[in-house]
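Fold and contact review
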Amino acid sequence: RRSSDLELAVRSVLGASRGRLVRQTLTETFLLSIAGAAAGCVLAEILLRIFIAIAPAGIPFLAKAHLDLRIVLFTVSLSLFCGAVFAVLPALQRPRPAALVARSANSGAHVWMRRCLVIGQIAISTILLTDATLLLRSFANLALQNMGMQTQGVLAAHIALPRYRFDTTQKQMEFFLETESALRRLPGVLSVGMSDSTPPGETHNEQIYSNMAIAGKPRQSGGTGGMVAWRWVTPEYFKSLGIPILRGQAFSVAQRTSSEHFLILSSLLASRMFGNENPVGQHIQPVPHGPWYAVLGVAANVKNAGLSGADEPEFYLLRRNVADDWNLWTAIVLKLSASPEAAAPWVRSQIAQIDPTVPVEVETLSEGVNKLADRPRFETALLGFFALCGLVVAVIGLYGVVASVAAQRTQEIGVRMALGATRLDILRLIAGEGVRLIILGGVLGLGAALATSQLLKSLLFDVGPRDPAVFLAVSLLLGLVAL
């Protein structure tokens, strides 16, 4: 900036008009703006390709995203406009001859403008950092939460029978019972459980809570009471997923041939229906005019509404060796002593030997859970990247201002040192400039983050949008940047 002021002063003394000075600065800044915009567009295209490549499936229209020509033109126009503004303003202030003696008459105005820009950069960076940290903490809570079941060492096979080959529930039951028997004979298989869906992310059956009745008690009146999830399961379902039975007992193999109906409640549903009363031995009618089910036990709560959803009340119906208890779709969960990945080909082979036309999808339960975390992981990484870019820009601007102030005060520093000032005194003098900018920009940014953090509320899990620890962490980071 100082060399530019000196050049403008020389040209002014030699008779250059204000229009000529403006044209010169516009030419220089236009070239820089066009070069920067071109480089930015190339970098944007590269980053867009990278983001699309690493993005999880299920984000609408992401695969079709591209740099639209209108966006490119807008970006280039904005770059040229900014370049023109920052070129014309200094040129309109006609330099004085004082600049020829290395003292810019307008240095104070220039530094003030730079300070304002840096404060704005720091404020925007603070907002991005706060939002990224909130998402990062939310994702950490998501990954470390207790889902109420074990995912390690569990293999899940999903089978959808073709209706044209299995057109009766009897045929469907016979196929799945034969499959269950064949899979149990595989080496390393500890247990085989079957269900019509598996937690935490698959679609499950639901019904209205008020439709459920307890023997000897009146039905609920007034309101629906919300929804209750339920599943058909075989006896080894709980053992395969490591779901503990908190009270009573699990289903037994002998009960599969019984004419009676049995169910198990989740802890949340048991507390809601019976309070402190023991539900084991009670009888429940899940749907009006349906059969009555004996309550065998109470199981621990399991995540059913995805990783970020709240625990839902749930009950499990015993899937007996009765045709009416079966359908075309079944999920098989196998608890293995060996590697689930190594057992996957054996599972496919056993099912193909029974019927090679039946499609089967096999994956570890850990893989299924990780897929549910893909989108929040991607959102966190994306916002974190933008926050890091904003911080880098703010750091560059902060360094430029502090370096400029230090250069302008070179003579003052020399005088202070001659009068006995130490290096620490000088460092404190110059560093104070950066600290003041960080404090001003940080306060503005944290205030704006507090006001806008509610917009992230729907994306957060187990962390408040105004979490004090997050704002403290961002403040400490800004302090390190200032130093």
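For the structure itself, consult the block above.
Not measured: the values here are computed from a predicted model.

**A word on the nonpolar core**
Within the largest apolar cluster, 30 residues are counted, with the highest numbers of intra-cluster contacts made by Ile-122 and Leu-437. Only helix H4 (107–144), helix H9 (365–408), helix H11 (423–452) and helix H12 (468–482) provide two or more residues apiece to this core. Element by element, the count of residues in this core is highest for H9, at eight residues. Residues in contact with Ile-122, not counting those within four places in the same chain, are Ala-394, Leu-437, Ile-438, Gly-441, Gly-442 and Leu-478. With 24 residues, the next largest nonpolar core counts Ile-159, Leu-161, Trp-326 and Leu-328 among its residues.

**Observations regarding the pattern of salt bridges**
This structure, assessed with the given rule, holds 16 salt bridges. Notably, a salt bridge pairs Arg-375 with Glu-379, separated by 3.5 Å at the nearest N-O pair. Taken together, the residues span about one helical turn, with Arg-375 and Glu-379 both in helix H9 at a distance of four residues. For Arg-375, a relative accessible area of 39% corresponds to the partly exposed category. Accessibility expressed as a relative area gives 26% for Glu-379, which makes it partly exposed. Ionic contacts of the salt-bridge type, sharing partners, join the residues Glu-180, Arg-184, Glu-236 and Arg-256 into one network.

**A closer look at the side chain of Arg-320**
On the secondary structure map, Arg-320 appears in the loop between strand S10 (314–318) and strand S11 (329–336). There is a polar contact of 3.4 Å between the side chain of Arg-320 and the backbone oxygen of Ser-259. Aside from chain neighbours lying at most four places away, what touches Arg-320 is Gln-255, Arg-256, Ser-258, Ser-259, Glu-260, His-261, Asp-325 and Trp-326.

Quick notes on the rules
What you see as residue numbers is a count from 1 along each chain, following the sequence as written. Whole-chain, interface and lining totals are the exception, using all residues; otherwise, since this is a predicted model, local features are given only for residues with pLDDT of at least 70 and side-chain atom pairs are given and counted only at 80 or more. Think of the side-chain values as coming from all heavy atoms in the structure, minus any hydrogens and water. Among buried residues, those of type Ala, Val, Leu, Ile, Met, Phe, Trp, Tyr and Cys that are joined through side-chain atoms within 4.5 Å constitute a nonpolar core. Note on exposure labels: buried denotes an accessible area under 20% of the residue type's maximum, exposed denotes more than 50%, and partly exposed covers the range between, all computed with a 1.4 Å probe on protein chains only. For the purposes of this entry, the term helix denotes a DSSP run of H or I that reaches at least four residues, the term strand denotes a run of E that reaches at least two, and both are numbered from the N terminus. The contact criterion used throughout is that any non-hydrogen atoms of two residues lie within 4.5 Å. Any Lys or Arg side-chain nitrogen found within 4 Å of a carboxyl oxygen on Asp or Glu counts as a salt bridge. Residues adjacent in sequence count toward polar contacts only when both atoms are side-chain atoms; beyond that, a polar contact is any pair of N or O atoms within 3.5 Å, and within protein one must be able to donate a hydrogen and the other to accept it.

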